[in-house]
Amino acid sequence: MDYREKKLYDFLVNCMEIDNKPTLNEKLNIFIKLVSSWKKGNDDSDNTTNNNRITIWERNLTQIRESISLDRARYYINRMIKSLTLTNVGKVNDIDFGNWKEYEDILTDSLWLFEKRDRTLSHNASYWGNFIPQIPNQLIRRFTKKGETVLDPFLGSGTTAIESLGLQRNCIGVDISQDQIAHSRELTESVDRKNVFLELIRGDSAEVDFKKLLSEHDLQSVQLAILHPPYWDIIKFNEEEGNLSGAPSLEEFRSMFSKVLTNVLRVLEKGRFLAIVIGDSYRKGEWIPIGFYLMDDAMKMGLKLKSIVVKNYSDTKAKRQSSQLWRYRALKGNFYVFKHEYIFIFKKP
Ligand SMILES: C[S@@+](CC[C@H](N)C(=O)[O-])C[C@H]1O[C@@H](n2cnc3c(N)ncnc32)[C@H](O)[C@@H]1O
């Protein structure tokens, strides 16, 4: 129970002691005003959820005040006490299933179409190969609770870190490139940290000792892992040894990815979720389904596949300029131009 629920609960229990309706109504009038004052602005999803909850309380308290008899009022009071003590919050998230219809912006379909990149917080699109903030935002809200920990072993420009802090989750982010870690530090500096920590580490995610890192925060596991590796060598991210985009063959790429996955799974809590965000490649006249290969590798490691999400792929500036050329190539070469990538969602049994 948060402090408001506790106050409401205590008030209702006291009301059960009152033996006449006028006194009860007097107390209710004062308390309804207090409850109304708990509402905040509607500028973030947290406030909206809270405000909806408070509106329901106001409605119920008014119903008690307006009931004709003391007996009827007590019946409603009891019902409200019960609804406060029976919590129906998600096991792996903060979704209040008593009000599940209020979470319209949490996606549950397997096709994710985003028109524009979210530009709130300190997000910017300057890193070639980053994902849009809506991806970690959806995953974090769906698969973690406030105060839990998210691990991103391919951090890039820190999109996951920014979203984690904004949503009051701890974050551990690793990238093999020192430049990217420095860039993420810069971008996350201005994001408010409300009782959560952020660890940004330069290293090879196949080798980083995540257990040791977590133990420095008195933790043993993470509750969500988001993996957005290079799509093999489509973008050459850097020349660092161990960098997946430098893998000389698809087999080597898969083996390097599997090593990172194994290392991440050491600290992912049982029963919690892991997402792989990945696109395919086209070479020598053949579609290379990188995504499905990685999906298969992850399943062979014992992860349970929960969903395959297809997300629209927004064109880069370079692609937009050459879109006619790509159209011509596709028509002539009998193939289709990539317009999607995948988000594979797994659960650790
Ligand atoms: C597709 S990008 C991730 C982009 C990120 N999601 C964002 O929004 O900015 C992949 C990143 O993985 C990093 N990387 C590649 N191999 C790695 C490894 N073995 N360990 C850690 N990071 C690695 C690259 O340096 C690159 O920044």
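What you see is a predicted model, and the numbers here were worked out from it, not measured in a lab. (Residues numbered from 1 in each chain as written. Predicted model: local features only at pLDDT ≥ 70, side-chain atom pairs only at ≥ 80, totals over all residues.)

### Remarks on the site of the ligand
Around the ligand sit 26 residues in total, of which Asn130, Phe154, Gly156, Ser157 and Thr159 are the nearest. Looking at the shell around the ligand, its residues break down into twelve nonpolar, twelve polar and two charged. (Near = placed C-beta within 6 Å. Nonpolar A, V, L, I, M, F, W, Y, C, P; charged D, E, K, R; others polar.)

### Section: the domain arrangement of the protein chain
Each assigned domain of the protein chain is listed here: domain 1 (3-86) and domain 2 (111-347). On a C-alpha basis, the centroid separation for the pair domain 1 and domain 2 is 45 Å. (Domains from an automatic or database assignment.)

### Let's talk about unusual backbone geometry
It is generally the case that most residues other than glycine have a negative phi and that most peptide bonds are trans. Unlike most non-glycine residues, Gln168 shows phi in positive territory, near 60°. Residue placement: Gln168 occurs in the loop between helix H6 (159-166) and strand S3 (170-175). C-beta crowding within 10 Å serves as the criterion here: with 19 such atoms nearby, Gln168 is assigned to the partly exposed category. Here the phi dihedral of Trp232 falls at roughly 50°; this positive angle occurs in a residue that is not glycine. Mapped onto the fold, Trp232 is located in the loop between strand S5 (222-227) and helix H9 (250-265). (Helix = DSSP H or I, 4+ residues; strand = E, 2+ residues; numbered from the N terminus. Buried ≥ 20, exposed ≤ 12 C-beta atoms within 10 Å, placed from the backbone.)

### Concerning the packing of H9 against helix H10 (residues 290-300)
As a packed pair, H9 and H10 sit with axes 11 Å apart at the nearest point and diverge in direction by 45°. On the basis of their axis angle, the class for H9 and H10 is oblique. Between H9 and H10 lies a crossing of right-handed hand. On H10, the residues that touch Arg254, Phe257, Ser258 and Leu261 of H9 are Tyr293, Leu294, Asp297 and Ala298. (Axes fitted to C-alpha atoms, helices over the stretch in contact; angles between N-to-C directions. Parallel < 35°, antiparallel > 145°, perpendicular 65-115°, else oblique. Left-handed = near helix turned anticlockwise from the far one by under 90°. Contact = placed C-beta atoms within 7 Å.)

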